[in-house]
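Coordinate inspection notes
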Amino acid sequence: MARTMSRTRKLSAFVATVLAATGAQCLEIENTNEGRLPAMGFNSWNAFLEKINEEKFLTAAREIVDLGLRDLGYTYVNIDDGWSDKKIWRDKDNRIAVDYKKFPDGISGLADKVHAMGLKLGIYSDRGTKTCASYPGSMDYEEIDAKTFSDWGIDYLKYDNCFFPKEEEDEHPWAPEWWSPIQDFNDVRSGPVPAGYDYSTSRSAERYRMMRDALKKQERMIQFGMCNWGHARVERWGNQTGQSWRMWGDIQPTWTGNSDFIRWGIMPILNHALFYLDYTNFWGHGDMDMLEVGNGLTDAEDRSHFALWAILKSPLLIGTLLDKISPAALKTLKNKELIAFNQDPVFGGPARPYKWGINPDWTWNQTHPAEFYSGNSTLGLHVFMLNTLDHATLKRVDFAEVPGLDPAKQYTVHDMWTGKDIGTFGKFFSMAVASHDIACLRLNEYKSERKPAPVRRSALKAVGVSREDL
Ligand SMILES: *[C@@H]1O[C@H](CO)[C@@H](O)[C@H](O)[C@H]1NC(C)=O
Ligand SMILES: *[C@@H]1O[C@H](CO)[C@@H](O)[C@H](O)[C@H]1NC(C)=O
Ligand SMILES: *[C@@H]1O[C@H](CO)[C@@H](O)[C@H](O)[C@H]1NC(C)=O
């Protein structure tokens, strides 16, 4: 979101003149990189649900610093649902009442402490009258709440989509699950949508815009993470409304499957995201939901989950107990090369599948989505090979299949997990990939006249499997 002119110190005389000439009161100017790239940080929900308090956030913040995560770009410490007082609801000035048992110094006290550690503080609210866990929502209090959050020193708002009254329902409701063959949702579908219907005129979009406008009026830059689960075709108006928008239901720490069609495993979320890649670029990111790395997936699954979220340019919000995190999960979250791909300053778009693999291209399938991806970064061209099978397998990059690679040329293949070059190859490269693991590679053209570097055989086992396993 853009800051307003009042915050801008470096307006050129030229712009000032144009302003005077047009009589504009307030120029939106993108004078900050805030929100240009996917947000990185921590959110409390996957680790604590609503059982939160100040100490838990201070522990998370200290760990982010001590474990070196802040220096890798994880800067947001985001409070999810459960921070307010259900009994008092709003105070005499209509501000949401803080639960002082959980937050003895209030949210502003926590914000001061988190800011002092060089981190930012996020908060949570809802477009309806109540949040999803039935705490006060912001409906009809958008202005007051945005001002309150700004006064407290908040830097990020996650805005959920629960509990709004009937008159706030969309005229033509749409949920992404309806696109799938999942029958359970069909009975709530509301008749045919007129051709060319513009979802940015929906009540959902209007409500999210009300909070966006309220946030824009504040002195602080507050990132706006919209959490309406892909409803009302949010990707079509999300880029104009906030910095990110949830694409689908909630995440759960399983590889496949779902719980009551509300929480979904890694593969179903990935499968969905593949059909919406065109909507993500600088300033606006489809949010695949907060990370479950460290919460019970296998180490291989953690690697794939993190890598896929990173390369598809989803926000990267850690959701595990950082003081109890395993070395393997921490290593995954700290992969510098995947973070650099996610945060690339020049290439804003996500990696894309160049073929599906197990299934024919563009198959909608929640257990075996696309396995072969390529993407560009400042450092070169990358290939990512996911193994959706329940056993290890040999995966092969055919240079002729990857847009941007030339089968007549030699490429040095670099392993983004080990940070080392594997060797120089022509025409194709194959590598063993463990079940549910992912190979993350960078291929740079080999231009030297010298003999290509020899292949490091040991590196071919890097993705946690030996050739004997095949
Ligand atoms: C979203 O809007 C920004 C300008 O604010 C633009 O640079 C970017 O390309 C847009 N994203 C997409 C996917 O069109
Ligand atoms: C998903 O793909 C796998 C592999 O082709 C197939 O066995 C399975 O039946 C597919 N699932 C559905 C629901 O079609
Ligand atoms: C990466 O860049 C190459 C050109 O170097 C282009 O052919 C290819 O389509 C790009 N890939 C993606 C996924 O954008």
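Structure first, text after, so check above.
Just so we're clear, the structure is a prediction, and the values are computed from it rather than from any experiment. (Residues numbered from 1 in each chain as written. Chains lettered and ligands numbered in written order. Predicted model: local features only at pLDDT ≥ 70, side-chain atom pairs only at ≥ 80, totals over all residues. Heavy atoms only, no water.)

Quick look at the layout of surface pockets
Size it by volume and the largest pocket reaches roughly 890 Å³. Lining the largest pocket we find 40 residues, and of these Asn161, Cys162, Trp229, His231 and Ile262 sit closest to its centre. Those elements giving two or more residues to the lining of the largest pocket turn out to be helix 2 (45–48), strand 6 (156–160) and strand 9 (250–251). Classifying every residue of the lining of the largest pocket gives 22 nonpolar, five polar and 13 charged. (1 Å grid on protein atoms, 1.4 Å probe; cavity = no way out; pocket = protein on both sides within 12 Å on 5 of 7 lines; lining within 4 Å. Points joined across faces, edges and corners; volume = space filled by probe spheres on them. Helix = DSSP H or I, 4+ residues; strand = E, 2+ residues; numbered from the N terminus. Nonpolar A, V, L, I, M, F, W, Y, C, P; charged D, E, K, R; others polar.)

Concerning the site of ligand 1
Surveying the vicinity of ligand 1 reveals eight residues, the closest of which are Asn239, Asp278, Tyr279, Asn281 and Phe282. Interatomic distance of 2.4 Å between a side-chain N/O atom of Asn239 and an oxygen atom of ligand 1. Compared with its free state, where it exposes 360 Å², ligand 1 has 55% of that area covered by protein. Looking at the shell around ligand 1 residue by residue, the class counts come to three nonpolar, three polar and two charged. (Near = heavy atom within 4 Å. Polar contact = N/O pair within 3.5 Å; in protein donor to acceptor, adjacent residues only side chain to side chain. Areas by Shrake-Rupley, 256 points an atom, 1.4 Å probe, with all protein chains shown as cover.)

Examining the state of the cysteines
This structure, assessed with the given rule, holds one disulfide. Disulfide pairing is shown between Cys132 and Cys162; the S-S distance is 2.0 Å. Note on the Cys132 and Cys162 pair: the S-S dihedral is about 95°, so by sign convention the disulfide is right-handed. Here Cys132, found in the loop between strand 5 (120–126) and helix 5 (142–152), pairs with Cys162, found in the loop between strand 6 and helix 6 (203–216); they are 30 residues apart in sequence, far enough to count as distant. Assessed through its relative accessible area of 31%, Cys132 is described here as partly exposed. Looking at the unpaired Cys227, the closest cysteine sulfur is the one in Cys132, lying at 6.8 Å. You can call Cys227 buried: its relative accessible area is 2%. (Disulfide = S-S within 2.5 Å. Buried < 20%, exposed > 50% of the residue type's maximum accessible area, 1.4 Å probe, protein only.)

A few points about the sheet that holds strand 13 (residues 316–318)
One open sheet accounts for eight strands, arranged 12-8-7-6-5-4-3-13; its pairing is parallel. Every interior strand has two partners, whereas the edge strands, strand 12 (285–287) and strand 13, have only one. Pairwise comparison of adjacent strand axes, ignoring direction, gives a mean angle of 25° for this sheet. Relative to strand 5, helix 4 (residues 106–116) is tilted by about 145°, and along the sheet it contacts strand 4 (76–78) and strand 5. (Pairing = 2+ DSSP bridges. Axes fitted to C-alpha atoms, helices over the stretch in contact; angles between N-to-C directions. Contact = heavy atoms within 4.5 Å.)

Thoughts on the packing of aromatic side chains
Counted according to the given criterion, the structure contains 20 aromatic pairs. Aromatic side chains Phe399 and Tyr411 sit 5.3 Å apart centroid to centroid with 85° between the ring planes, which places their arrangement in the edge-to-face category. Taken together, the residues Phe399 in the loop between strand 17 (393–398) and strand 18 (410–415) and Tyr411 in strand 18 connect sequence positions twelve residues apart. According to the relative accessible area criterion, Phe399 is buried, its value standing at 0%. Following the ring pairs from residue to residue traces out a cluster consisting of Tyr159, Tyr208, Phe224 and Trp237. Looking at Arg127, its charged tip hangs above the ring of Phe164, at a distance of 3.7 Å from the centre. The aromatic ring of Phe428 is capped on one face by Arg396, whose charged end is 3.8 Å from the ring centroid. (Phe/Tyr/Trp six-rings, centres within 6.5 Å; stacked < 30°, edge-to-face > 60°. Lys NZ or Arg CZ within 6 Å of the ring centre and 35° of its normal.)

What about helix 3 (residues 54–66)?
Taking 1.5 Å as the rise per residue, helix 3 with 13 residues should run 18 Å; its terminal C-alpha atoms sit 18 Å apart, in good agreement. Every buried residue of helix 3 is listed here: Glu54, Phe57, Leu58, Ala60, Ala61, Glu63 and Ile64. Contacts from the buried residues of helix 3 go to strand 3 (40–43), strand 4 and helix 4. Two to three positions downstream of the cap, the backbone nitrogen of Glu55 sits 3.0 Å from a side-chain oxygen, assigning the N-cap of helix 3 to Asn53. Residue Gly68 follows helix 3 closely and has a positive phi angle near 85°. (Expected span 1.5 Å × (residues − 1).)

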